[in-house]
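# Commentary on secondary and tertiary structure
Here is what each chain is made of, one letter per residue.
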Number of protein chains: 2
Amino acid sequence: MSVTHPAGFVAAGAAVGLKASGAKDLALVVNQGPTFDSATVFTSNRCKANPVLWSEQVVKDGVVRAVVLNSGGANCYTGPEGFLTTHQVAEEVGTALGVGAGDVVVCSTGLIGLVNDRATLLAGVRTVHGQLSADGGQDAAEAIMTTDTVPKQVVVEGEGWSIGGMAKGAGMLAPALATMLVVITTDAVVPAAELDRALRAATRVSFDRLDSDGCQSTNDTVSLLASGASGVTPSAEAFTAALTDLCTQLAKQLLADAEGADHEIAITTVNAATEDEAVEVGRSVARSNLFKAAVFGKDPNWGRVLASVGTTSAAFDPADLDVAMNDVWVCRNSTPAEDPALVDLSARAVTVTIDLKAGPAQATVWTNDLTHAYVHENSAYSS
Amino acid sequence: MSVTHPAGFVAAGAAVGLKASGAKDLALVVNQGPTFDSATVFTSNRCKANPVLWSEQVVKDGVVRAVVLNSGGANCYTGPEGFLTTHQVAEEVGTALGVGAGDVVVCSTGLIGLVNDRATLLAGVRTVHGQLSADGGQDAAEAIMTTDTVPKQVVVEGEGWSIGGMAKGAGMLAPALATMLVVITTDAVVPAAELDRALRAATRVSFDRLDSDGCQSTNDTVSLLASGASGVTPSAEAFTAALTDLCTQLAKQLLADAEGADHEIAITTVNAATEDEAVEVGRSVARSNLFKAAVFGKDPNWGRVLASVGTTSAAFDPADLDVAMNDVWVCRNSTPAEDPALVDLSARAVTVTIDLKAGPAQATVWTNDLTHAYVHENSAYSS
């Protein structure tokens, strides 16, 4: 369902021979209008994959007719030949749909440096085009999976309109290398400029605050397409709120399926001078291997939290920090407080609260623990 | 050995009851002059341990008579009571030696948030004072070990003078949480201001470029004491060169003993616009869990190298980067080049070379791989 839940969209996903496993590996999502407004955000990594280089040009005019996504290879660091493959895939989609290639976003995911067979991809485009349907969302969501163990889909209902989304990504989430790809559809009537504002507002507090392993992908793409098929124009506030809800739910699905993770950790920094500083503090803790290994070991090691906070430039008094884990205030005024033995870390969900006592702002960053399974999956990934 | 090799120094190390294991846990290094010049650098972490807060005041006048170091507890985030413990330890050392407490540097290492028993520490100071000798360097080096498996010591000979050093640290090296402590002694005649210049120059290209796990310690201290007992005044160039050699050797000993590591990885960035940018690029790769896990898996995954380089602000053309692993150029012009299967990652030593093609500067950053043993040691550390 997901991306085909809103009116005006068809999709498909099929196994076309890119993955050695024979699993589904090519997805196509098509906006049938009447409007073709869109907004897309990409990885901030400067070493971008060929599909990102292509799609950055496609989205500039705010019009996107279709998104084609393949797993089985990221088409990254594959040079001009790799770019030509992306271009020809867009042309093939455009020809099949009777639209311009310049209105087709291309996304790829899988190993970096791997060149996908062009003929297989182009034949695959014709296959998935032949399977487009109004209930193809599930197949599409399955076809973009790499190390994901489950497809990720969300639908949020508005009043007379809806938003659907699918995502993939299980590692290199910062937002992050197994690659995070997200396609979001809506049948609301929303012009491209407003879609862009809403998407940036929503991703800023959802995907951008997911920091599973601190590794930033080369292929991340979040593409939002509006068909206008509901005929309803929601308020900017209502649309942004629904979109933020959807993005947050998808981000949490990514977090829950992160490679090898035993725990999902929400790090909330409160009473920060600014929201940016709250994010900086949360991110520093989310990137501490020592803290993350401690959570894996069910060790409420708040010293490692403060050691990370101390590396930031946020406003705080180093002698007056409070830290809670699962609501047990194990540290008050930068000294031991409640007994850490009261913190039960046996459940998957863990909360860390850091009180900076420096202002009115707060933010939550999500991460995972550092586990043997993470090391195993990422040491064996390409072999 | 080591810190007692240069003339004018005595040292001791003993088991005084801080460690439950009964291992040596208190060290004392004393400068007997005739000069007492010194220079010290500390962690840049804003959440500093009590011994660092104390010692920052001690070193301001350039005069240090003794360094006392305990393992078995970092005395960090232990509040005013912890600071008082540090102060009283310095007073006890001063009384025993007949010098002011304000000339005694204190270092502590071990778990954060753990309060050491003050009476045990003070009695221990009297014990180690009674054992001071001109060949006590080895005992001192052993007494500062925590998760270290071997003591780290180096001696560098000048012409008529020498430098000796000891170090501890096996994790939180960035320079980094099991805490890096280093004491360096010399019998050269070098005034404090010149010691400071030399020490900053040496640490900038040695300890500061060691990034084992990206986690910055709360207790790091590198203290350099000059006795002048040789009567020889070396040139600034000769002294700085010898000191840099010593610091680099100690840093490599720390790298070789890092918690759970299977590989020692030297990441050299060449043809960078500036040295700072070369360091930024090397550090970004040194902090990529995905890259570090790949090295553990003996997988020459250069895509993860470029994905990290892309997160930096260094000058380069994303389409024109070269990467070698163990001198095999697996990536040229940001595309696959020599066969990665030619890269043999079975040995502990691994080199990564990144050619930015942007200028004349270069720098090397050292790190370790991310292993099951690292996760194990750091998930079980405090339990």
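Just above sits the structure.
Right, let's walk through the structure included here. (Residues numbered from 1 in each chain as written. Chains lettered and ligands numbered in written order. Predicted model: local features only at pLDDT ≥ 70, side-chain atom pairs only at ≥ 80, totals over all residues. Heavy atoms only, no water.)

Before going further, it helps to spend a moment on the overall build of chain A. What chain A contains, in helices and strands, is 10 helices and 15 strands. For chain A, whose C-alpha radius of gyration is 21 Å, the value lies close to the compact-globule estimate of 21 Å for 383 residues. Judged by the C-alpha coordinates and their principal axes, chain A covers about 65 × 50 × 35 Å. Taking all 383 residues of chain A together, 62% fall into the buried category. By element, 52% of the accessible surface of chain A is carried by carbon and sulfur atoms, the whole surface being about 12,100 Å². Seen as two clouds, the 23 positive and the 43 negative side-chain charges of chain A have centres 4 Å apart. (Helix = DSSP H or I, 4+ residues; strand = E, 2+ residues; numbered from the N terminus. Rg over C-alpha atoms; globule rule 2.2 N^0.38 Å. Buried < 20%, exposed > 50% of the residue type's maximum accessible area, 1.4 Å probe, protein only. Areas by Shrake-Rupley, 256 points an atom, 1.4 Å probe, with all protein chains shown as cover. Lys, Arg positive; Asp, Glu negative; His and termini not counted. Charge placed at Lys NZ, Arg CZ, Asp CG, Glu CD.)

Take the relation of the copies chain A and chain B next. When chain A is brought onto chain B, the operation consists of a screw motion whose angular component is 180° and whose axial shift is 0.0 Å, with 0.0 Å RMSD remaining. The transformation just described matches what one would write down for a two-fold rotation axis. Across chain A, the smallest distance between a C-alpha and the rotation axis is recorded for A:His372, namely 2.7 Å. Of all interface residues in chain A, 100% are interface residues in chain B too; the two copies therefore contact each other through one and the same surface. (Least-squares fit on C-alpha atoms with pLDDT ≥ 70 in both. Contact = heavy atoms within 4.5 Å.)

All names here are of chain B. Where helix 7 (residues 275-286) meets helix 9 (residues 302-309), the closest approach of the two axes is 8 Å, and the angle between their N-to-C directions is 130°. The angle between helix 7 and helix 9 falls in the class oblique. As for the relative orientation of helix 7 and helix 9, their crossing is right-handed in sense. Counting all contacts with helix 7, which are made through Val-281, Ser-284 and Val-285, the residues of helix 9 involved are Val-305, Ser-308 and Val-309. A per-class count over the contact of helix 7 with helix 9 returns four nonpolar, two polar and no charged. (Axes fitted to C-alpha atoms, helices over the stretch in contact; angles between N-to-C directions. Parallel < 35°, antiparallel > 145°, perpendicular 65-115°, else oblique. Left-handed = near helix turned anticlockwise from the far one by under 90°. Nonpolar A, V, L, I, M, F, W, Y, C, P; charged D, E, K, R; others polar.)

Residues and elements named next belong to chain A. An order of 3-9-8-7-6 is seen for the five strands of this open sheet, with the pairing classed as mixed. Looking at strand neighbours, the two that pair on one side only are strand 3 (37-42) and strand 6 (152-157), the edges of this open sheet. If you compare each strand with its neighbour and ignore which way they point, the axes differ by 10° on average. The pairing of strand 6 with strand 7 (residues 162-168) spans six bridges and is antiparallel. Paired with Glu-157 across the bridge in strand 7 is Ser-162. Lying on the sheet, helix 5 (residues 192-204) is in contact with strand 3, strand 8 (181-186) and strand 9 (221-226); it crosses strand 3 at an angle near 35°. Against the sheet, helix 6 (residues 236-256) contacts strand 6, strand 7, strand 8 and strand 9, and its axis sits at roughly 160° relative to strand 6. (Pairing = 2+ DSSP bridges.)

On the side of chain B, 50 residues touch chain A, which itself brings 50 residues to the contact. Across the interface of chain A and chain B, roughly 4,000 Å² is buried in total on both sides, 61% from carbon and sulfur atoms. Broken down residue by residue, the surface that chain A buries against chain B is led by A:Arg46, A:Tyr77 and A:Leu290, which jointly contribute 18%. Counting across the chain A and chain B interface gives zero salt bridges. Taken together, chain A and chain B are joined by four residue pairs in polar contact (both at pLDDT 80 or more). Counting residues per element, the ones that place at least two in the side of chain A that touches chain B are helix 8 (289-296), helix 9 (302-309), strand 13 (335-336) and helix 10 (372-379) of chain A. Its residues placed into classes, the side of chain A that touches chain B shows 22 nonpolar, 24 polar and four charged. (Buried area = accessible area lost by both parts, 1.4 Å probe. Salt bridge = Lys/Arg side-chain N within 4 Å of Asp/Glu carboxyl O. Polar contact = N/O pair within 3.5 Å; in protein donor to acceptor, adjacent residues only side chain to side chain.)

A word on the pattern of salt bridges. Pairing is possible between side chains that carry opposite charge, provided their charged atoms lie close to one another. Residue and element names in this part refer to chain A. Throughout the structure, instances matching the rule amount to 22 salt bridges over all chains. A salt bridge links Lys-357 to Asp-322; the nearest nitrogen and oxygen atoms lie 2.9 Å apart. Residue Lys-357 is located in the loop between strand 14 (349-355) and strand 15 (361-368), and its partner Asp-322 is located in strand 11 (residues 322-325); the two are separated by 35 residues in the primary sequence. Via salt bridges that share partners, Asp-320, Asp-322, Arg-332 and Lys-357 belong to a single interconnected network.

The next point concerns the side chain of A:Thr203. All names here are of chain A. Summarising the element assignment, Thr-203 is placed in helix 5. A polar contact is formed between the side chain of Thr-203 and the backbone oxygen of Arg-200, at a distance of 3.4 Å. When neighbours within four sequence positions are excluded, Thr-203 is seen to be in contact with Val-41, Asp-208 and Val-222.

Residue and element names in this part refer to chain A. By volume, the largest cavity amounts to about 60 Å³. Looking at the largest cavity, it is lined by 13 residues, and the ones nearest its centre are Asn-70, Val-89, Val-106, Ser-108 and Leu-121. Here the residues of the lining of the largest cavity sort into seven nonpolar, six polar and no charged. (1 Å grid on protein atoms, 1.4 Å probe; cavity = no way out; pocket = protein on both sides within 12 Å on 5 of 7 lines; lining within 4 Å. Points joined across faces, edges and corners; volume = space filled by probe spheres on them.)

Within the secondary structure, B:Gly113 is located in the loop between strand 5 (104-108) and helix 3 (118-130). On the basis of relative accessibility, which here comes to 18%, the residue B:Gly113 falls in the buried class. Measuring from C-alpha to C-alpha, the distance between B:Gly113 and B:Val155 comes to 34 Å, with 42 residues separating the pair along the chain. The contact partners of B:Gly113, leaving out residues within four places of it in the chain, are A:Trp302, A:Pro336, B:Cys76, B:Tyr77 and B:Thr78.

Residue A:Pro34 is reached from A:Gly33 by a cis peptide bond, and omega for that bond is 20°. Within the secondary structure, A:Pro34 sits in the loop between strand 2 (26-31) and strand 3. Backbone geometry places A:Tyr77, a non-glycine residue, at a positive phi of 60°. Assignment of secondary structure puts A:Tyr77 in the loop between strand 4 (66-70) and helix 2 (79-97). Residue A:Tyr77 is classed as buried on the basis of its relative accessible area of 4%. With a phi close to 55°, B:Asn333 is a non-glycine residue in the positive phi region. Residue position: B:Asn333 is located in the loop between strand 12 (328-332) and strand 13 (335-336). Take B:Asn333: its relative accessible area is 41%, and that puts it in the partly exposed class.

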